[in-house]
Amino acid sequence: MISEVTGIRRIRMLYLQLLYRCNFECLHCFHGKRLQHADAFTTDEAVNLLTLMCDEYGTEAVTLLGGEPFVYRDLAQVVRYAKRDLGMQVEICTNGYRIERRLTEIAPDLDLLRVSLEGIGTTNDKIRKFGSYRSALSALEIAQQLGVRAGVTMTVTSRNIDEVLPLAHTLQHYGVEQLKLHCLRPVGNAADHPELLVNDGTAYTRLREGLASAELDIEVILDEDLSELGAPDACLPVGGPVEIERIEADPRGALTMSCKAVGKDSHAFWYDKLADHIDHRPSATDELTLAVPDVVYGRV
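Residue indices follow the written sequence of each chain, beginning from 1 at its first position. Only residues with pLDDT of at least 70 get local features here, since the model is predicted, and only at 80 or more are side-chain atom pairs given and counted; chain-wide, interface and lining totals rely on the full set of residues. Derived side-chain values reflect all non-hydrogen atoms in the structure, with water molecules and hydrogen atoms excluded from consideration.

## A closer look at the overall build of the protein
Thought 1: Helical segments are the DSSP runs of H or I of at least four residues, strand segments are the runs of E of at least two, and each set is numbered from the N terminus. If you tally the helices and strands in the protein, you get eight helices and twelve strands.
Thought 2: Burial status follows relative accessibility: with a 1.4 Å probe on protein chains alone, a residue under 20% of its type maximum counts as buried, one over 50% as exposed, and anything between as partly exposed. When each of the 300 residues of the protein is scored for burial, the buried share is 57%.
Thought 3: Intrachain contacts of the protein at a sequence separation of at least 6 include 72% that bridge at least 24 residues.
Thought 4: We get accessible surface area from the Shrake-Rupley algorithm with a probe of 1.4 Å; when it comes to residues, only the shown protein chains can shield them. For the protein, the accessible area works out to roughly 13,500 Å², and carbon and sulfur atoms hold 50% of it. Note on contacts: a residue pair is in contact if any heavy atoms of the two residues lie within 4.5 Å.

## Structural notes on helix 3 (residues 75–85)
Thought 1: For helix 3, the full list of buried residues reads Leu 75, Ala 76, Val 78, Val 79 and Ala 82. Down the axis of helix 3, the buried side of the element spans an arc of 165°, and every buried residue falls inside it. In helix 3, the exposed residues that point more than 90 degrees away from the buried face are Arg 84 and Asp 85.
Thought 2: The inward-facing, buried residues of helix 3 abut helix 2 (43–57), strand 2 (61–65), strand 3 (89–94) and helix 4 (100–106).
Thought 3: Gly 87, located one to two residues past helix 3, shows a positive phi value of around 70°. It is the directions from the helix axis to the C-beta atoms whose arc is reported.

## So, unusual backbone geometry
Thought 1: A cis amide bond links Gly 66 with the next residue in sequence, Gly 67, at an omega value of 20°.
Thought 2: Relative to the helices and strands, Gly 67 resides in the loop between strand 2 and helix 3.
Thought 3: Of note in the backbone geometry, Asp 276 takes a positive phi value of approximately 50° without being a glycine.
Thought 4: Looking at the secondary structure, you find Asp 276 in the loop between strand 10 (269–272) and strand 11 (277–280).
Thought 5: Overall, the relative accessible area of 30% leaves Asp 276 in the partly exposed class.

## Quick word on the nonpolar core
Thought 1: Counting residues in each nonpolar core, the largest one holds 75 residues, and the members touching the most others are Ile 2, Leu 16, Leu 64, Leu 179 and Leu 181.
Thought 2: Filtering out sequence-adjacent residues up to four positions away, Leu 179 remains in contact with Val 152, Met 154, Val 164, Leu 167, Ala 168, Leu 171, Ile 218, Glu 219, Val 220 and Ile 221. The term nonpolar core refers to a set of buried residues drawn from Ala, Val, Leu, Ile, Met, Phe, Trp, Tyr and Cys, joined through side-chain atoms within 4.5 Å.

## Looking at the packing of aromatic side chains
For any pair of aromatic rings, geometry is given as the distance between the ring centres together with the angle between the planes.
Thought 1: Between 30 and 60 degrees the pair is tilted, below 30 it is stacked and above 60 it is edge-to-face, where a pair is any two Phe, Tyr or Trp rings, Trp via its six-membered ring, whose centres lie within 6.5 Å. Counting across every chain of the model gives two aromatic pairs.
Thought 2: Residues Phe 41 and Tyr 271 carry aromatic rings whose centres are separated by 6.4 Å and whose planes lie at 20° to one another, so their mutual orientation is stacked. Of this pair, Phe 41 sits in the loop between strand 1 (10–17) and helix 2 while Tyr 271 sits in strand 10, and the two are 230 residues apart along the sequence. In terms of burial, Phe 41 and Tyr 271 fall into one category: buried.

## Quick word on the confidence of the model for the protein
Thought 1: This prediction gives the protein a mean pLDDT of 89; 85% of its residues lie at or above 70.
Thought 2: Throughout residues 284–292 the model reports pLDDT below 50, and contacts reaching past four residues in sequence, or to other chains, amount to 29 contacts. Values of pLDDT, which run from 0 to 100, indicate the predictor's confidence residue by residue.

## A closer look at the side chain of His 28
Thought 1: Relative to the elements of secondary structure, His 28 occurs in the loop between strand 1 and helix 2.
Thought 2: The exposure class of His 28 is buried, given its relative accessible area of 11%.
Thought 3: Excluding residues that lie within four positions of it along the chain, His 28 makes contacts with Glu 118, Ile 127, Arg 128, Thr 155, Leu 184, Asn 189, Ala 190 and Leu 196.

## Some remarks on the pairing of strand 3
Thought 1: Burial of strand 3 is extensive: five of the six residues sit out of reach of the surface.
Thought 2: Examined bridge by bridge, strand 2 and strand 3 share four bridges and lie parallel to one another. Directly across from Leu 64, in strand 3, lies its bridge partner Ile 92.
Thought 3: Since strand 2 and strand 3 lie parallel, the crossover through helix 3 that links them has a hand, and here it is right-handed.
Thought 4: Two strands make a pair as long as DSSP finds a minimum of two bridges between them. One ladder, built from four bridges, connects strand 3 with strand 4 (residues 112–116); its direction is parallel. Note on strand 4: the bridge partner recorded for Cys 93 is Arg 114. Throughout, right-handed denotes a crossover for which the path from the first strand over the helix to the second runs clockwise when the strands point away from the viewer.

The structure is reproduced here in structure tokens:
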């Protein structure tokens, strides 16, 4: 159905939000009140969607998210199926809180562990959860011992923008290969915390200049909203691309093609879990915006 409506024939990566439930209530979480919702993929539903994406769109990689994917009971089964049965590249995005035992269990089938951090020490803990900084570093240390590649994601806010470079230097000591920076969007919990927004546009310029001149062994990736030109407000053109980088499925089955649409009810497609089929459900809030490439600093 996606190909019929958009012309897209290949989708390289599926971002699969397994559930809303989380053991954190971060101040900037785009899910907001949905963290309390029970929506989740069953193991069979997750397996079916992965298979459909591989068969119909040539999807070769999956990123498992939540909520918090490590509180998902059948995480190991989904990881093993994606890796062993479908041959996909498997990445997990996690808060890294007390995941050592389960990480050890899935390590042989995991290509990348991506941990979320929002700064150094208390800066991180005040946004995420007390003790989460040390726990995240412990998870990264275990990943290094297990031979699992690791990355970190940071949402840039008014509280942590000055800690991007210090965090990057710290992460190098834990074998982290990549630091991915995202722009805060005022959706979910972030809508209730406008003080976290970066209102000084020159702050982003200083950040980019600092990264460009820093001697880092870690790769730093800025999403398009943090780039010099910003993200274009361009929708999918008629007869648009035959291939896109990613699509994201939330725990209800709603599918979005742009991170700008995540956290909003802006989607044109749904995965019907019962019918194992993707449907087009047009509405006034359809979002077919595609992201432009991210900006990369540091190691290539």
